[in-house]
Amino acid sequence: MKPPILGQQTFLRDHPATASTYDKYYRERYDREDDPNPLFTGRYLLILKEGSSNVLKTTRMLESKWGFTVANTADFVRETLSESKIRSANALFYNELGIALLGSDKTLVDRLITPGADYLIEPEKVVYIPDDLPEEEEKRSTWGIRLTGADRSPYSGKGVRVAIIDTGFDLSHPDFSERVITSESFVPDETIEDHHGHGTHCVGIACGSDDSEGMRYGVANEAEIYTAKVLNNQGSGAQAWILDGITWAVNNQCRVLSLSLGSRVYPGQRYDMAYERAAQYALSKGAVVVAAAGNDSRRSRHQYSPVSSPADCPSILAVGALDEKLQVADFSNRALNKGGEVDLAAPGVAIYSSWPMPTGHRTVSGTSMATPFVAGIAAMLCEKQPAGTPSSIVSQLKEMAKRLSQLPEDVGAGLTLAPMRDE
Amino acid sequence: MRQIVITISDIYLDQLGTLVQSLREDGVIVTHFYEFGVIIAIADETVISRIRNRKEIIALNEEQEATIPPPEADIQIFPDE
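From a predicted model like this one, the values you see are computed outputs, not experimental measurements.

1. Some thoughts on the environment of Ile316(A)
Residues and elements named next belong to chain A.
Step number 1: Position of Ile-316 among the secondary structure elements: in the loop between strand S13 (288–292) and strand S14 (317–322).
Step number 2: Overall, the relative accessible area of 4% leaves Ile-316 in the buried class.
Step number 3: Note: C-alpha distance between Ile-316 and Glu-122 (194 residues apart in sequence) is 69 Å.
Step number 4: Not counting residues up to four positions away in its chain, the partners in contact with Ile-316 are Ala-279, Val-289, Val-290, Ala-291, Pro-310, Ala-311 and Asp-343.

Here it is as structure tokens:
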């Protein structure tokens, strides 16, 4: 039996046109000699239309009319068939199947193809083990990235400017070496460098990507990072510095502003008009503002505090914190004051993200950590809808949120989820 | 002297510059003002009492300080803890 000519591997493109054009392509265009990974062996299969009932008749026809030497699998009852045992034959009938393998040249096989024949002739295919098929690498992600679906979203915040208004940023952090970062310090006598850590952590959640081990911890990993330092290295800042940061971010066309900061608010206290006016200004310029609901509650002790300022402003999205079991974090504040709602919830307990070098990364908790999750997801939505207004982005964030069994006073519309491609 | 934040009414937004000048003449030390109608300033109690009820002003508060906890805290809680 003529040995098959095998290549290493081949794949046909999965294209709808392939099936309909396959025969035509094979007959008219395909040149096996030029294909390093051929589709066919150079041998042919004769397939009886009526199955095995015509094996004897066809064997006689092949031998007498066309000069084939035909072996038959029925001859190998007591021993295992192998092609090396039938070197003298140029056809092998698989008796039970009604299929003959033909080891003749193409010219003879072409003559076998006649209209009205009770068999089909097809080229024998080369079968490959697809050992070079790239396997889907399993990406590791933090629990917050997984639960919000950020790792499954086709969006990355690409082209969207996100402002993190906080304690600055470690510009030398290796996880961000490939990123474009625009920064400004509004703290007198302090550079943008983050000697606290909080700002670097929040930037990492909203806009970071992977650590050196491939663990993804950032949401909008292709967003354009704008970082404003409005809290000093001890972690405090004047209201004017924060308003400076908001104004700077808005004037730089940032579409999302993330404020993981605040001042404690007491029951009955009204929201701050200055922050509200700044947020309205941001909205009027196309920016969504998100802020931390605050960590003053101690739910395990039945102590509940109202949403902090500026998150309590009507024009700012207030974000509460959840743990990995989607329970409200012990410290997360509640909507107690009129207008001071919790709008959304996001991962905020044991959150892994970047921290200034040499520490590199740290796991901490707070509504400060939940806020940049929402900021990053808002950036993804802005990428999905470049012309989306702040009000439409906010509406969709709430509509897309996973409803939770907890009170809306604690989780708002629910767990913020990353946008997926529309069906 | 106290650090204050003044928010002016929407309808006077286009007169922000004039209002800032007027407040300065009234003894207010204006340190920042923003086009969205917020003025950061320093003033003593007498001045604050005098300007508090001006028709252009809808809110006058002492400037808040925003804070986060020290970096060593595992829960990045806000102040007063």
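From this point, the discussion proceeds with the structure in view.
2. Focus on unusual backbone geometry
All names here are of chain A.
Step number 1: The omega angle of the peptide bond from Ser-309 to Pro-310 is 15°, so this bond is cis rather than trans.
Step number 2: With respect to the element layout, Pro-310 can be found in the loop between S13 and S14.
Step number 3: Omega for the peptide link from Met-357 to Pro-358 comes to 10°, which places this bond in the cis form.
Step number 4: In this structure, Pro-358 sits in the loop between strand S16 (351–355) and strand S17 (360–364).
Step number 5: Positive phi outside glycine occurs at Leu-326, with the angle close to 65°.
Step number 6: Classification of Leu-326 as buried rests on a relative accessible area of 14%.

3. Considering the side chain of Thr148(A)
All names here are of chain A.
Step number 1: Along the chain, Thr-148 turns up in helix H4 (residues 143–148).
Step number 2: A relative accessible area of 1% places Thr-148 in the buried class.
Step number 3: Among the polar contacts listed, one links the side chain of Thr-148 to the backbone oxygen of Gly-144, at a separation of 2.7 Å.
Step number 4: Side-chain polar atoms of Thr-148 contact the backbone oxygen of Ile-145, separated by 3.2 Å.
Step number 5: Residues in contact with Thr-148, not counting those within four places in the same chain, are Pro-347, Phe-373, Ile-377, Leu-415, Thr-416, Leu-417 and Ala-418.

4. Details of the sheet that holds strand S12 (residues 256–259) of chain A
Residues and elements named next belong to chain A.
Step number 1: Across the sheet, seven strands lie side by side as S8-S10-S7-S12-S13-S14-S15; this open sheet has parallel pairing. At either margin of the open sheet sits one strand with a lone partner, and together these are strand S8 (181–185) and strand S15 (344–347). Ignoring strand direction, the axes of neighbouring strands in this sheet form an average angle of 25°.
Step number 2: Its contacts with the sheet put helix H6 (residues 239–251) on strand S7 (161–166), S8, strand S10 (224–229) and S12, and the angle it makes with S12 is roughly 160°.

5. Overview of the packing of helix H5 (residues 198–207) of chain A against helix H8 (residues 367–384) of chain A
All names here are of chain A.
Step number 1: At a minimum axis distance of 7 Å, the contact between H5 and H8 shows a crossing angle of 35°. For the pair H5 and H8, the crossing hand works out as right-handed. Contacts between H5 and H8 pair His-198, His-201, Cys-202, Ile-205 and Ala-206 from the former with Ser-368, Met-369, Pro-372, Phe-373, Ala-375 and Gly-376 from the latter.
Step number 2: The residue makeup of the contact of H5 with H8, split by class, is seven nonpolar, four polar and no charged.

6. A few points about the confidence of the model for chain A
All names here are of chain A.
Step number 1: Averaged over all residues, the pLDDT of chain A is 88; the fraction at 70 or higher stands at 89%.
Step number 2: This model gives residues 8–20 a pLDDT under 50, and the stretch forms 17 contacts once residues within four places in sequence are excluded.
Step number 3: In this model, residues 131–136 is a region of pLDDT below 50 whose contacts with residues beyond four sequence positions or in other chains number two contacts.

7. Points about the packing of H6(A) against helix H7 (residues 273–284) of chain A
Two quantities define a packed helix pair, namely the angle between the axes and the distance from one axis to the other.
Residue and element names in this part refer to chain A.
Step number 1: In the contact formed by H6 and H7, the axes pass within 10 Å of each other and the chain directions differ by 5°. With respect to H7, the axis of H6 lies roughly parallel. Between H6 and H7, the residues in contact are Gln-239, Ile-242, Leu-243, Ile-246, Val-250 and Asn-251 and Ala-274, Tyr-275, Ala-278, Tyr-281 and Ala-282, respectively.
Step number 2: In terms of residue class, the contact of H6 with H7 is made up of nine nonpolar, two polar and no charged.

8. With respect to the nonpolar core
Residues and elements named next belong to chain A.
Step number 1: In this structure, Val-162 and Leu-397 are the most contacted members of the largest nonpolar core, which totals 48 residues.
Step number 2: Looking at this core, the elements with two or more residues in it are H4, S7, H5, S13, S14, S15, H8 and helix H9 (390–400).
Step number 3: With eleven residues, H8 is the single largest residue contributor to this core.

9. Structural notes on the environment of Ala163(A)
Residues and elements named next belong to chain A.
Step number 1: Checked against the element boundaries, Ala-163 lands in strand S7.
Step number 2: Through-space distance from the C-alpha of Ala-163 to that of Leu-259 is 8.7 Å; in sequence the pair is 96 residues apart.
Step number 3: Dropping the residues within four chain positions of it, Ala-163 is found in contact with Tyr-226, Ala-249, Cys-254, Val-256, Leu-257 and Ser-258.

10. With respect to the pairing of strand S3 (residues 91–94) of chain A
Residues and elements named next belong to chain A.
Step number 1: With three bridges connecting them, strand S2 (residues 70–72) and S3 associate as parallel partners. Of the residues in S3, the one forming a bridge with Val-70 is Ala-91.
Step number 2: Linking S3 to strand S4 (residues 99–102), which pair antiparallel, is a turn of four residues; within it Gly-98 sits at a positive phi near 75°.

11. Looking at H7(A)
Spacing of three or four residues puts side chains on the same side of an α-helix, whose turn is 3.6 residues.
Step number 1: Taking 1.5 Å as the rise per residue, H7(A) with twelve residues should run 16 Å; its terminal C-alpha atoms sit 16 Å apart, in good agreement.
Step number 2: Of all twelve residues in H7(A), nine are buried; the element is thus mostly enclosed.
Step number 3: Along H7(A), the positions that sit buried rather than exposed are Met273(A), Ala274(A), Tyr275(A), Glu276(A), Arg277(A), Ala278(A), Ala279(A), Tyr281(A) and Ala282(A).
Step number 4: Next to the buried residues of H7(A) lie H6, S12 and S13 of chain A together with strand S1 (2–8), strand S3 (38–43) and strand S4 (57–62) of chain B.
Step number 5: Two or three places before Ala274(A), at the start of H7(A), stands the capping residue Asp272(A), its side-chain oxygen 2.9 Å from that residue's backbone nitrogen.
Step number 6: Phi for Gly286(A), located one or two positions after H7(A), is positive at around 95°.

Cut-offs used in this document
Residues numbered from 1 in each chain as written. Chains lettered and ligands numbered in written order. Predicted model: local features only at pLDDT ≥ 70, side-chain atom pairs only at ≥ 80, totals over all residues. Heavy atoms only, no water. Helix = DSSP H or I, 4+ residues; strand = E, 2+ residues; numbered from the N terminus. Buried < 20%, exposed > 50% of the residue type's maximum accessible area, 1.4 Å probe, protein only. Contact = heavy atoms within 4.5 Å. Polar contact = N/O pair within 3.5 Å; in protein donor to acceptor, adjacent residues only side chain to side chain. Pairing = 2+ DSSP bridges. Axes fitted to C-alpha atoms, helices over the stretch in contact; angles between N-to-C directions. Left-handed = near helix turned anticlockwise from the far one by under 90°. Nonpolar A, V, L, I, M, F, W, Y, C, P; charged D, E, K, R; others polar. pLDDT = per-residue confidence, 0-100. Parallel < 35°, antiparallel > 145°, perpendicular 65-115°, else oblique. Core = buried A, V, L, I, M, F, W, Y, C linked by side-chain atoms within 4.5 Å. Expected span 1.5 Å × (residues − 1).

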